[in-house]
Amino acid sequence: MPEERKGRHVMAGVLAADPTLADFGEDPLWIIVVKAVMLFLFLALGVMFGVWFERKLISRMQDRYGPNRAGRFGLLQSVADAVKMGLKEDILPSAVDRVLYLLAPVIMVVPAFLAFSVVPFGPVVELFGVRTPLQLVDLPVAVLFVLAMGAVSVYGVVLAGWSSRSPYALLGGLRSAAQVVSYEIAMGLSFVAVFLFAGTLSTSEIVRAQEQVWFAVLLIPSFLVYVVCMFGEAARIPFDLPEGEGELVGGFQTEYSSSLKFALIMMGEYLHTFTAAGVAVTLFLGGWRAPFPVSLWEGAGQGWWPVLWFFLKFVLTFAFIVWVRASLPRVRYDQLMSLGWKVLIPVSLAWILLVAAVRNVVVNEGDRMLGIGLGVIIVIGVLAVWMRFDTVAQRRREALGAQVEAEPEEPSDERAAGGFPVPPLDLPHYHGVSRS
Amino acid sequence: MSPIGVSDEGSAPSVPNAIVRRRALAHRQAGGPEAAGYRNAGRGYDRDMGGYFGSYALVVALFAIGVAIVAGALSGSRLLRPSRPTAEKLTTYECGVDPVGEGWAQSQVRYYVFTYLYVVFAVDAVFLFPWATVFAAPGFGMTTLVEMFLFLGFIALGIVYAWRKRVLSWT
């Protein structure tokens, strides 16, 4: 009903300038165009200077200078790279599936652009004389939309690997599919607790629901699960196995020589990292809300200030991702999968049950005893399962330790090339034993 | 539903006139305030559309813009860049050594198993989302909670089954 919506709009505008879902779809067309251009500019410039920022930061962490030739502080390095990639000869290997090979980078980039459109940059602001929420689009299913766009771009990766007709590319594509898909489940489950508290999937209303306390504080386990999944979903170190260059040459992008298509793939990956950071800020870190000491100041949530808070949180989250890249080694694929399926998903399921039980006690006070009983049962059950598996893991660790202890005696049996150790050249699967 | 249907009776021969008339009547009777809003100004009608489907239309428009930008960049670079292919350049790179045999190696079925499991659990997550949004609303009490516990119990049984069958361990 238009009347009702208008009423809510006015109320929201007067009280706190917190946009709700109802505030969207009322902009004149030219404001939408302005906001879309601003978003595209933000993302395009963000990728350019994000690459520069990451390279500069990580080289400082590794005690070197990083790019410092093109422009002041190497600021124009990415611009130079982009120009070079745009003008370089594009090699189309004769073996590839032409249509899919060309389409795959597009499938990777475009959903990555779209996913960012639901991230709120700020509350309702005055933009060229029009009051409008500083967010391009909000949907009743906005968070689901972000997840869907993440899943769609996996198609790009898989198709890039498949259409290249190269074993390494194919393997990288398959790895990516299994990995991203596994971490997407845990990611979706980590959002459920947020939805339980916010009561909506719309990003602007989730930010609105964090007025008192950020969900990162209220729902720490969900936030931790999300942070781990963020790396898996964006395929960043320590989970960058789809392109693990030590093992798969370049992974799914091996056959994309450094032309514009390669630049598009890189851009898509960067945008996914941006989206992961943007979602972390929006769902868990209070969106555009000011951090604690600043939030005591009344004006922190007024006008254009929130954009600054959002941007600061966004940059800090991105810097955290870079920091992790500088600190952690790449995990093995079996470790990656068992972390996803045996730790993150069960933990998320148990956590959801617990949150729901506690929330039920708070919301429906009549059933308090039953709710508390359920909560206790869940905690005990989870602890029992955890103890059980922890003993299994303990036994396995001890067996592994014993094996490592026993190892130094073995090398005498190994094949050696002039005294140098060589990798084992005769394993069962070289004879097709495991294939059967 | 659209009142425009009344005016172009002639152009829709497949729909009997009686039905069109009945629909128009029903529209006039049922949609009192809506119809009034429509009569008041075209803007009101637009905003109705803008409110719900407008967001999705905007997403579609963004999609089109994104595709256009990418396609523009690709075709622009096609005009600017040189193209001097040789037989060596066009071979598959792989790891720098001349490729041997077919590019598509057979790969392990375990990737496929994981994508299968994904379908099960993605559906699970999709059922959880709407439940989580209405959970705190009045009228959804203990029953909702217990129902979801049962559902999650079944799902957990699924993951335990896969676990026991050693599908989850990457050998």
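Residues numbered from 1 in each chain as written. Chains lettered and ligands numbered in written order. Predicted model: local features only at pLDDT ≥ 70, side-chain atom pairs only at ≥ 80, totals over all residues. Heavy atoms only, no water.

### Overview of the overall build of chain B
Using the following cut-off: Counting from the N terminus, the helices are DSSP H or I runs at least four residues long and the strands are E runs at least two residues long. Using a 1.4 Å probe on the protein chains alone, a residue whose accessible area is under 20% of its type maximum counts as buried, one over 50% counts as exposed, and one in between counts as partly exposed. Whether two residues are in contact is decided by their heavy atoms, any of which lying within 4.5 Å being enough. Calculation of accessible area relied on Shrake-Rupley with a 1.4 Å probe; when residues are assessed, cover is drawn exclusively from the protein chains displayed.
Of regular secondary structure, chain B possesses 7 helices and 0 strands. In chain B, the order of α-helices and β-strands from amino to carboxyl end is α-α-α-α-α-α-α. Looking at chain B as a whole, 24% of its 171 residues are labelled buried. Long-range pairs, those at least 24 residues apart, make up 54% of the contacts in chain B between residues at least 6 apart in sequence. Entry remark: accessible area of chain B is about 11500 Å², with carbon and sulfur atoms responsible for 65%.

### Describing the overall build of chain A
Summing up its helical and strand segments, chain A has 15 helices and 4 strands in all. Burial statistics for chain A: of 436 residues in total, 51% are counted as buried. In chain A, 77% of the contacts between residues at least 6 apart in sequence involve partners at least 24 apart. Accessible area for chain A stands at about 20400 Å²; split by element, carbon and sulfur atoms hold 68% of it.

### Brief notes about the domain arrangement of chain A
All names here are of chain A. Our working definition: Here the limits of each domain have been adopted from an automatic or database domain assignment. Buried area is calculated as the accessible area (1.4 Å probe) missing from two parts once they are joined, with the contributions of both summed. Amino acid classes used here: Ala, Val, Leu, Ile, Met, Phe, Trp, Tyr, Cys and Pro are nonpolar; Asp, Glu, Lys and Arg are charged; the rest, including Gly, are polar.
With domains assigned, chain A is organised as domain 1 (3–331) and domain 2 (334–391). Using only C-alpha atoms to locate each centre, domain 1 and domain 2 end up separated by 30 Å. Contacts between the two partners involve 20 residues from domain 1, matched on the other side by 15 residues from domain 2. Across the interface of domain 1 and domain 2, roughly 1600 Å² is buried in total on both sides, 82% from carbon and sulfur atoms. Of all residues in domain 1, Y183, L189 and L196 bury the most surface against domain 2, accounting for 31% of the area lost on that side. Those elements giving two or more residues to the side of domain 1 that touches domain 2 turn out to be α6 (167–198) and α9 (220–233). Of the residues forming the side of domain 1 that touches domain 2, the biggest block, 11 residues, is contributed by α6. Of the residues assigned to the side of domain 1 that touches domain 2, the class counts are 17 nonpolar, 3 polar and no charged.

### Some words on the interface of chain B and chain A
Our working rule: A carboxyl oxygen of Asp or Glu within 4 Å of a side-chain nitrogen of Lys or Arg is what we treat as a salt bridge. Nitrogen and oxygen atoms within 3.5 Å of one another constitute a polar contact, given that in protein one can donate a hydrogen and the other can accept it, and given that sequence-neighbouring residues count only through two side-chain atoms.
Across the contact, 63 residues belong to chain B and 83 residues belong to chain A. Summing the contributions of chain B and of chain A, the shared interface buries around 6900 Å²; its carbon and sulfur component is 76%. Along the contact surface separating chain B from chain A lie 2 salt bridges. With a closest N to O distance of 3.6 Å, D90 of chain A and R81 of chain B form a salt bridge. Summed over the shared surface of chain B and chain A, the number is 4 residue pairs in polar contact (both at pLDDT 80 or more). For the side of chain B that touches chain A, the secondary structure elements donating two or more residues are α4 (42–51), α5 (53–80), α6 (110–134) and α7 (142–164) of chain B. In terms of residue count, the dominant contributor to the side of chain B that touches chain A is α5 of chain B (15 residues). Of the residues that constitute the side of chain B that touches chain A, the class distribution is 41 nonpolar, 14 polar and 8 charged.

### Thoughts on the nonpolar core
To keep it simple, the criterion reads: To form a nonpolar core, buried Ala, Val, Leu, Ile, Met, Phe, Trp, Tyr and Cys residues must be joined to one another through side-chain atoms within 4.5 Å.
Core analysis: the largest hydrophobic core is formed by 131 residues, its most contacted members being F191, F195, Y226, F274, F284 and W341 of chain A together with W131 of chain B. A total of 15 residues in this core trace back to one element, the largest contributor, which is helix α11 (residues 260–283) of chain A. Other than its neighbours up to four places away in sequence, F284 of chain A contacts S190, F191, V194, Q210, W214, F215, A216, S222, F223, Y226 and V279 of chain A.

### Comments concerning α6 of chain A
Residue and element names in this part refer to chain A. Selection rule: What a helix is expected to span follows from its residue count: subtract one and scale by 1.5 Å.
Across its 32 residues, α6 extends 46 Å between first and last C-alpha, which sits within 8% of the 46 Å expected from 1.5 Å per residue. Most of α6 is tucked away, with 27 of its 32 residues classed as buried. G199 sits one or two residues past α6 and shows a positive phi near 70 degrees.

### Examining the confidence of the model for chain B
Close reading of the predicted structure is inappropriate where its pLDDT is low. Residue and element names in this part refer to chain B. Test applied: The score called pLDDT rates the predictor's confidence residue by residue, from a low of 0 to a high of 100.
Confidence along chain B averages 68 in pLDDT terms, with 67% of residues attaining 70 or more. Averaged pLDDT values over the elements of chain B bottom out at 38 in helix α3 (residues 32–40) and peak at 84 in α5. For this predicted complex, the interface score ipTM comes out at 0.71, while the overall pTM is 0.78.

### Quick notes on the pairing of strand β1 (residues 122–127) of chain A
Every regular strand shows the same layout, with side chains that alternate between the two sheet faces. Residues and elements named next belong to chain A. Put simply, the test is: For two strands to count as paired, DSSP must find a minimum of two bridges between them.
For β1, the buried fraction is high: 5 of the 6 residues fall into the buried class. Here β1 pairs with strand β2 (residues 130–134) via 5 bridges, running antiparallel. From the neighbouring strand, G122 faces β2, where its bridge partner is L134. Hairpin connection between β1 and β2: a loop of 2 residues separates the two successive antiparallel strands, and F128 in this loop has a positive phi of roughly 50 degrees.

### Section: α6 of chain B
Compared with the 36 Å implied by 1.5 Å per residue over 25 residues, the 37 Å span of α6 of chain B between its first and last C-alpha is a close match. Regarding α6 of chain B, the residues found buried are Y111, F114, L117, Y118, F121, D124, A125, L128, F129, W131 and A132 of chain B. Elements in contact with the buried residues of α6 of chain B: α5 (142–163), α6 and α14 (333–363) of chain A together with α7 of chain B.

### As for a nonpolar patch on the surface
Basically, it comes down to this: Exposure above 30% relative accessible area and the absence of a salt bridge qualify a residue for a patch, where like charges join within 9 Å and nonpolar side chains (Val, Leu, Ile, Met, Phe, Trp, Tyr) within 5 Å.
A cluster of nonpolar side chains, L29, V33, V37, L41, L45 and F49 of chain A, forms an exposed patch at the surface whose accessible area comes to about 560 Å². Here V37 of chain A lies in helix α2 (residues 29–61).

### Considering the packing of α11 of chain A against helix α13 (residues 305–327) of chain A
Residue and element names in this part refer to chain A. For clarity, the threshold we go by: A fitted line through C-alpha atoms serves as each axis, taken over the contacting stretch for helices, and the angle formed by two N-to-C directions is quoted from 0 to 180°. To sort the angles, those under 35 degrees are grouped as roughly parallel, those over 145 as roughly antiparallel, those from 65 to 115 as roughly perpendicular, and the leftovers as oblique. A crossing counts as left-handed when the near helix is turned anticlockwise from the far one by less than a right angle, and as right-handed when that turn is clockwise.
Relative orientation of the contacting elements α11 and α13 amounts to 125 degrees, with a least axis distance of 9 Å. Comparing the axis directions of α11 and α13 gives the class oblique. The interaxial crossing formed by α11 with α13 has right-handed handedness. Contacts between α11 and α13 involve Y270, T273, F274, A277, G278, A280, V281 and T282 from the first element and F310, K313, F314, T317, F318 and I321 from the second. In terms of residue class, the contact of α11 with α13 is made up of 9 nonpolar, 4 polar and 1 charged.

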